[in-house]
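A closer look at the structure
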Amino acid sequence: MGGPQDNTPIATVKVESSRPMRVPVALEFDVDRDVANFLHRFPAFPPTRRQGIILSLLHQCDPSDMQFISKVYPLLHRDFLRLLPERAVHCVLLFCTPRDFCTVAQVSKEWLQRINDLALWDQLYQQIGLGSLVGRCYISSDGMRSNARRLRALERWVRGELTCRQFRAHHSGIVSLCVEGSSIVTVGVDKTVRVHSRISGEPIRSFAGLEHTCARAVGRIMASGSADGTLRIWSLHTGKLYQELSGHAKGITTLAMDSKMVISGSSDHTIRIWKL
């Protein structure tokens, strides 16, 4: 009776309640006050500490919290081009190279509208000294890639960065020319068709003796017109003659073609469409 008392419980009874435990109002107020104090002090923490706190919070988030974060995250982005006035946007974009324009145009619809602004392109051409060409060189329907390449080529031309390579294709004047892949097809006053390498300028093949007046090539096919009104279809790579087509009363003066047809114009005032 006089010894130390044993405080070990004889039995433990677990009491379960279907109702959540109510937090006392005073405790809720203390928690809110502590959170408010923490949020007030948070901006003053060193960057490493702030980042560590954010990571700790993320590790404790449940799936519903992560879904909420994924929804609000895009709202944190600020589109500076959309917020800036037009003049400031132009000042920013004038520092971009033509090669960057395609990337800028893919960011958003707002950025695409900004980069397609005719006033911007007028300034781009003005700064290389070719402002008078903007109406002819900038064509919105051509797409950003084509317009950027055109501007880049003109910039290089103004700066003297373009190189010129020349070679003799005929012993007389050239009356017709087209480029197909790595080949250049020319027709001379000497009534011959010649094919040269676009890269080296070396001659590849010559078509003579048929009084050629014009020629066009698409893929592996070449069409040539002659002074007697005959249209001929050739293999561009082997020089093999596939077809001779007659129909014009006078010489063929011009040709156009794609992979499915050839269109010929003649001195007989007619145009003929030939299916390949």
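Structure: above.
For the structure given in this document, a descriptive report is provided here.

Cut-off values and rules
Position numbers for residues start from 1 in each chain and track the written sequence from start to end. Where totals are concerned, whole chains, interfaces and linings use all residues; where local detail is concerned, this predicted model gives features only for residues with pLDDT of at least 70, and gives and counts side-chain atom pairs only at 80 or more. Hydrogens are left out, water is left out, and the side-chain values use all remaining heavy atoms of the structure. For the purposes of this entry, the term helix denotes a DSSP run of H or I that reaches at least four residues, the term strand denotes a run of E that reaches at least two, and both are numbered from the N terminus. Note on exposure labels: buried denotes an accessible area under 20% of the residue type's maximum, exposed denotes more than 50%, and partly exposed covers the range between, all computed with a 1.4 Å probe on protein chains only. The pairing criterion for strands is at least two bridges between them, as found by DSSP. Classification of ring pairs rests on two measures: the distance between centres of Phe, Tyr or Trp rings, Trp counted by its six-membered ring, which must be within 6.5 Å, and the angle between planes, read as stacked under 30 degrees, edge-to-face over 60 and tilted in between. Geometrically, a charge over a ring is one whose NZ (Lys) or CZ (Arg) sits within 6 Å of the ring centre while staying within 35 degrees of the ring normal. Within this analysis, patches are made of residues with over 30% relative accessible area and no salt bridge. Like charges are joined at 9 Å or less; nonpolar side chains (Val, Leu, Ile, Met, Phe, Trp, Tyr) at 5 Å or less. Note on areas: these come from Shrake-Rupley sampling with a 1.4 Å probe, and a residue is covered only by the protein chains present in the view. Take a side-chain nitrogen of Lys or Arg and a carboxyl oxygen of Asp or Glu: if they are within 4 Å of each other, that pair is a salt bridge. By nonpolar core we mean a set of buried residues, namely Ala, Val, Leu, Ile, Met, Phe, Trp, Tyr and Cys, connected to one another through side-chain atoms within 4.5 Å. Here a residue-residue contact requires only that any non-hydrogen atoms of the pair lie within 4.5 Å.

As for unusual backbone geometry
- A positive phi is found at Lys191, a non-glycine position, where the angle reads about 70 degrees.
- Along the chain, Lys191 falls in the loop between strand E2 (183-188) and strand E3 (193-197).
- Residue Lys191 is classed as partly exposed on the basis of its relative accessible area, which comes to 36%.
- In this structure, Glu211 takes a positive phi of about 50 degrees despite not being glycine.

Looking at the pairing of E3
- Of all five residues in E3, four are buried; the element is thus mostly enclosed.
- Relative to E3, E2 is paired through five bridges, and the arrangement is antiparallel. The residue of E3 that forms the bridge with Val187 is Val193.
- Count of turn residues in the E2/E3 antiparallel hairpin: four residues, of which Lys191 carries a positive phi of about 70 degrees.

Points about the packing of aromatic side chains
- Summed over all chains, the structure comprises six aromatic pairs.
- Arranged with centres 5.9 Å apart and planes meeting at 55 degrees, the rings of Phe38 and Phe42 form a pair that is tilted.
- Relative accessible area serves as the criterion here: at 32%, Phe38 is assigned to the partly exposed category.
- Considering the side-chain rings of Phe42 and Phe45, the 6.1 Å spacing of their centres and the 75 degrees angle between planes classify their relative orientation as edge-to-face.
- Assessed through its relative accessible area of 9%, Phe45 is described here as buried.
- Through successive ring pairs, a cluster of aromatic residues spans Phe38, Phe42 and Phe45.
- The ring of Phe45 carries the charged tip of Arg49 above its face, separated from the ring centre by 4.3 Å.

Comments concerning a nonpolar patch on the surface
- A contiguous nonpolar patch, built from Ile54, Leu55, Leu58 and Met66 and spanning about 340 Å² of accessible area, is present on the exposed surface.
- No other element matches the three residues that helix H2 (residues 47-59) contributes to the nonpolar patch.
- Within the fold, Leu58 resides in helix H2.
- Judged by its relative accessible area of 37%, Leu58 falls in the partly exposed class.

Section: the pattern of salt bridges
- For the structure shown, the criterion picks out three salt bridges.
- Between Asp142 and Arg150 there is a salt bridge, with its nearest N and O atoms 3.0 Å apart.
- Overall, Asp142 belongs to the partly exposed group, its relative accessible area being 34%.
- Given the relative accessible area of 26%, Arg150 is considered partly exposed.
- Residue Glu161 is joined to Arg156 by a salt bridge in which the shortest nitrogen-to-oxygen separation is 3.9 Å.
- Residue classification places Glu161 among the partly exposed positions, given a relative accessible area of 36%.

Observations regarding the nonpolar core
- Ranked by size, the top nonpolar core spans 23 residues in total, and within it Leu93, Phe101, Ile115, Trp121, Tyr125, Met144 and Leu151 carry the most contacts.
- In this view, Met144 contacts Phe101, Cys102, Ala105, Ile115, Asn116 and Trp121; residues no more than four positions away in its chain are not counted.
- Val193, Val195, Met222 and Leu236 belong to the second-largest nonpolar core, a separate cluster that totals eleven residues.

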